[in-house]
Amino acid sequence: MKKYGFTIGIWFLFEAIAVTLWLALDNVFYLFNFSYIGTCLAVGIFLYRRKLPYARHIVQFAVGLYMLLYLGVLCNENMQIEGFWYYLFLGVFEAAVIHYAVAKLFGPLFFGRGWCGYACWTAMILDLLPYKVPREPRKNIGWIRYVVFISSFLFVGALFLLHVAHLEKIMFWSFIIGNVLYYIVGISLAFLFRDNRAFCKYICPITVFLKSASCFSLMRIKVDKDKCVSCGKCKQICPMNVDITDNSRKRENGTECILCFECIEECPRRALHL
């Protein structure tokens, strides 16, 4: 039970969210939605504990495809940041607003940027590319994400200010076109910078939300200084260039850990742990 306590805890957390939203909003969809996501995460972590290869990728596709194809395409819900601004301007606490509140605003206080490692439908494709370990030093162009973030806000705000008709249709097509662009840019940057996660580091506007909350995350990888021999393997394997050997919340790129656990697996002294 101790070994699988983290797995059970994740499942109970999402079940609590599922039941709370179901009862509060009187909508059984939220019971299904968050129960499904929580179960996928729990199963994925269980499989990881059982040393099953690609356990995290299984979760990525199970959750990512559900949100991309079912919620996004079939249910016409814009789950990108434009959808969040859209429902926020409407004053409606549902759909993308709830998703962002759980996964990207308040959830990261508990599980950091776990969204990026286990649920993001953009990253599920990028993680399949050949540059799982960054081949070049990190670029100083992270400011681009803020430009994209502000642009998305201005885009949706302009639609409301100009009283543009057929907003729901526009939101649907912005979701489709936006995702296509994200994949094109993400794959191009991966090959250009020889880094699968280049898009996440420099372009993705969601990280503007994630970075601040992740700084205080309860779930974070720590190092046992007595066991660590400073071999540097954890830094070399980290797809997000996090300095895992520093337990400080101000460690280099500390808010960008996606809990992929690659560093834990790579450590020869088993000095890293949650």
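Presented here is an overview of the structure given in this document. (Residues numbered from 1 in each chain as written. Predicted model: local features only at pLDDT ≥ 70, side-chain atom pairs only at ≥ 80, totals over all residues. Heavy atoms only, no water.)

Some points on the overall build of the protein
Piece 1. Of regular secondary structure, the protein possesses 14 helices and two strands.
Piece 2. Rg of the C-alpha trace for the protein: 19 Å, near the compact-globule value of 19 Å for 274 residues, within the 12% margin.
Piece 3. Principal axes of the C-alpha set define a box for the protein whose edges measure 60 × 45 × 30 Å.
Piece 4. Taking the intrachain contacts of the protein between residues at least 6 apart in sequence as the baseline, contacts between residues at least 24 apart amount to 73%. (Helix = DSSP H or I, 4+ residues; strand = E, 2+ residues; numbered from the N terminus. Rg over C-alpha atoms; globule rule 2.2 N^0.38 Å. Contact = heavy atoms within 4.5 Å.)

Description of the packing of helix α1 (residues 5–25) against helix α2 (residues 28–49)
Piece 1. At a minimum axis separation of 7 Å, α1 and α2 run at an interaxial angle of 175°. Relative to α2, the element α1 is oriented roughly antiparallel.
Piece 2. When grouped by side-chain class, the residues that make up the contact of α1 with α2 number 19 nonpolar, four polar and two charged. (Axes fitted to C-alpha atoms, helices over the stretch in contact; angles between N-to-C directions. Parallel < 35°, antiparallel > 145°, perpendicular 65-115°, else oblique. Nonpolar A, V, L, I, M, F, W, Y, C, P; charged D, E, K, R; others polar.)

So, α1
Piece 1. Along its 21 residues, α1 runs 30 Å from first to last C-alpha, staying within 8% of the 30 Å computed at 1.5 Å per residue.
Piece 2. Buried residues of α1: Phe6, Thr7, Ile10, Phe14, Glu15, Ile17, Ala18 and Leu21, and no others.
Piece 3. In the core, the buried residues of α1 are packed alongside α2, α5 (96–105) and α6 (108–111).
Piece 4. Trailing α1 by a residue or two, aspartate 26 shows a phi angle of about 55°, which is positive. (Expected span 1.5 Å × (residues − 1). Buried < 20%, exposed > 50% of the residue type's maximum accessible area, 1.4 Å probe, protein only.)

Describing the layout of surface pockets
Piece 1. The volume enclosed by the largest pocket comes to roughly 480 Å³.
Piece 2. Residue lining of the largest pocket: 29 residues in total, with Phe14, Phe34, Ile37, His99 and Ala103 positioned closest to the centre.
Piece 3. If you list the elements that add at least two residues to the lining of the largest pocket, you get α1, α2, α3 (55–74), α5 and α7 (114–118). (1 Å grid on protein atoms, 1.4 Å probe; cavity = no way out; pocket = protein on both sides within 12 Å on 5 of 7 lines; lining within 4 Å. Points joined across faces, edges and corners; volume = space filled by probe spheres on them.)

Some remarks on unusual backbone geometry
Piece 1. For histidine 166, which is not glycine, the phi dihedral falls at a positive 60°.
Piece 2. Here histidine 166 is to be found in the loop between α9 (144–161) and α10 (167–193).
Piece 3. On the basis of relative accessible area, histidine 166 is assigned to the exposed category, the value being 64%.
Piece 4. Although it is not a glycine, serine 230 adopts a positive phi angle of roughly 55°.

Overview of the side chain of glutamine 80
Piece 1. Note that glutamine 80 resides in the loop between α3 and α4 (81–90).
Piece 2. On the accessibility criterion, glutamine 80 (6% relative accessible area) is buried.
Piece 3. When near neighbours in sequence (up to four residues on either side) are disregarded, glutamine 80 contacts Tyr100, Trp121, Phe175, Asn179 and Tyr182.

Structural notes on the pattern of salt bridges
Piece 1. According to the stated counting rule, one finds 11 salt bridges in the structure shown.
Piece 2. Of the charged contacts in the structure, one is a salt bridge between aspartate 127 and arginine 56, with a shortest N-O distance of 3.1 Å. Placement of the pair is aspartate 127 in the loop between α8 (123–126) and α9 and arginine 56 in helix α3, with a sequence separation of 71 residues. Neither residue differs from the other here; aspartate 127 and arginine 56 are each classed as buried.
Piece 3. Among the ionic pairs, glutamate 256 bridges to arginine 113, the shortest N-O distance being 3.9 Å. Highlighted residues: glutamate 256 in the loop between α13 (233–237) and α14 (262–266) and arginine 113 in the loop between α6 and α7, separated in sequence by 143 residues. In this pair, the class of glutamate 256 matches that of arginine 113, namely buried.
Piece 4. Within this structure, Arg113, Arg138, Arg145, Lys211 and Glu256 form a network of salt bridges that share partners. (Salt bridge = Lys/Arg side-chain N within 4 Å of Asp/Glu carboxyl O.)

Regarding empty space enclosed by the protein
Piece 1. Per the counting criterion, the structure on display carries four cavities of 30 Å³ or more.
Piece 2. Counted as a void, the largest cavity has a volume near 160 Å³.
Piece 3. Trp115, Cys120, Thr122, Cys204 and Ile206 are, among the 18 residues lining the largest cavity, the residues nearest its centre.
Piece 4. At the level of secondary structure, the elements contributing two or more residues to the lining of the largest cavity comprise α7, α8, α11 (198–202) and α12 (207–214).
Piece 5. Here the lining of the largest cavity is composed, by residue class, of 12 nonpolar, three polar and three charged.
Piece 6. Size it by volume and the second largest cavity reaches roughly 130 Å³.

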